[in-house]
Amino acid sequence: MAAMNPEETTGPILGEESELTLGELCRACGTSAEEVTALVEEGIIEPLRSGTRWRFSGVCIRRVRKVYSLRRDLGVNLAGAALAIELLDEIERLQARLARLERP
């Protein structure tokens, strides 16, 4: 099965409250179950439920796509992508905090 370009995937925008199966996440991101498992093991994404049937929040799609953009565009390895995602998330939290403080 040929992998799709994640940026070409279209469909409804999923929020944090949305839940996807492993298969749905793979299809949405154009990746394999093995690659998603590697992302879980690296701590980049977390299943909502553990056990034999993983479920993922809609936010995982954005995180997986960011990882593949970093790997493709900058050539970083999985551990480097995990660190970059963590730092990008921290920047977003700080920017949101700053925006709240700047409001009158």
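Residues numbered from 1 in each chain as written. Predicted model: local features only at pLDDT ≥ 70, side-chain atom pairs only at ≥ 80, totals over all residues. Heavy atoms only, no water.

K.L.:
How should the state of the cysteines be read in this particular structure?
P.N.:
Such a bond, covalent and formed between the sulfur atoms of two cysteines, is termed a disulfide. Within the structure shown, the criterion is met by zero disulfides. You can see Cys29 has no disulfide; the closest cysteine sulfur is in Cys26, sitting 7.9 Å from it. Between Cys60, a free cysteine, and Cys29, which holds the nearest cysteine sulfur, the sulfur-to-sulfur gap is 8.5 Å. Overall, Cys60 belongs to the buried group, its relative accessible area being 4%. (Disulfide = S-S within 2.5 Å. Buried < 20%, exposed > 50% of the residue type's maximum accessible area, 1.4 Å probe, protein only.)

K.L.:
Can you help me understand helix H2 (residues 33-42) in this one?
P.N.:
A turn of α-helix holds 3.6 residues, and therefore any two residues three or four places apart point the same way. Those residues of H2 that fall on the buried side of the exposure criterion are Val36, Leu39 and Val40. Looking straight down H2, one finds its buried side chains confined to an arc of 100°; they lie on one side. In H2, the exposed positions that point more than 90 degrees away from the buried face belong to Glu34 and Glu41. Looking at the residues trailing H2, positive phi occurs at Gly43, about 85°. (Helix = DSSP H or I, 4+ residues; strand = E, 2+ residues; numbered from the N terminus. Arc of directions from axis to C-beta.)

K.L.:
Looking at this structure, how should I read the pattern of salt bridges?
P.N.:
Applying the stated criterion across every chain, the model contains six salt bridges. As a salt-bridge pair, Glu92 and Lys66 come within 3.3 Å of each other at their nearest N and O atoms. Within this pair, whereas Glu92 is found in helix H4 (residues 78-102), its partner Lys66 is found in helix H3 (residues 59-74), the two being separated by 26 residues in sequence. (Salt bridge = Lys/Arg side-chain N within 4 Å of Asp/Glu carboxyl O.)

K.L.:
Sorry if this is basic, but what is going on with the nonpolar core here?
P.N.:
Within the largest apolar cluster, 21 residues are counted, with the highest numbers of intra-cluster contacts made by Leu25, Val36, Leu39, Ile44, Ile45, Phe56 and Val67. Of all the secondary structure elements, the ones that give two or more residues to this core are helix H1 (22-29), H2, H3 and H4. No other element matches H3, which puts six residues into this core. Contacts of Ile44, omitting those with residues within four sequence positions, involve Leu39, Arg63, Val67, Leu78 and Ala82. (Core = buried A, V, L, I, M, F, W, Y, C linked by side-chain atoms within 4.5 Å. Contact = heavy atoms within 4.5 Å.)

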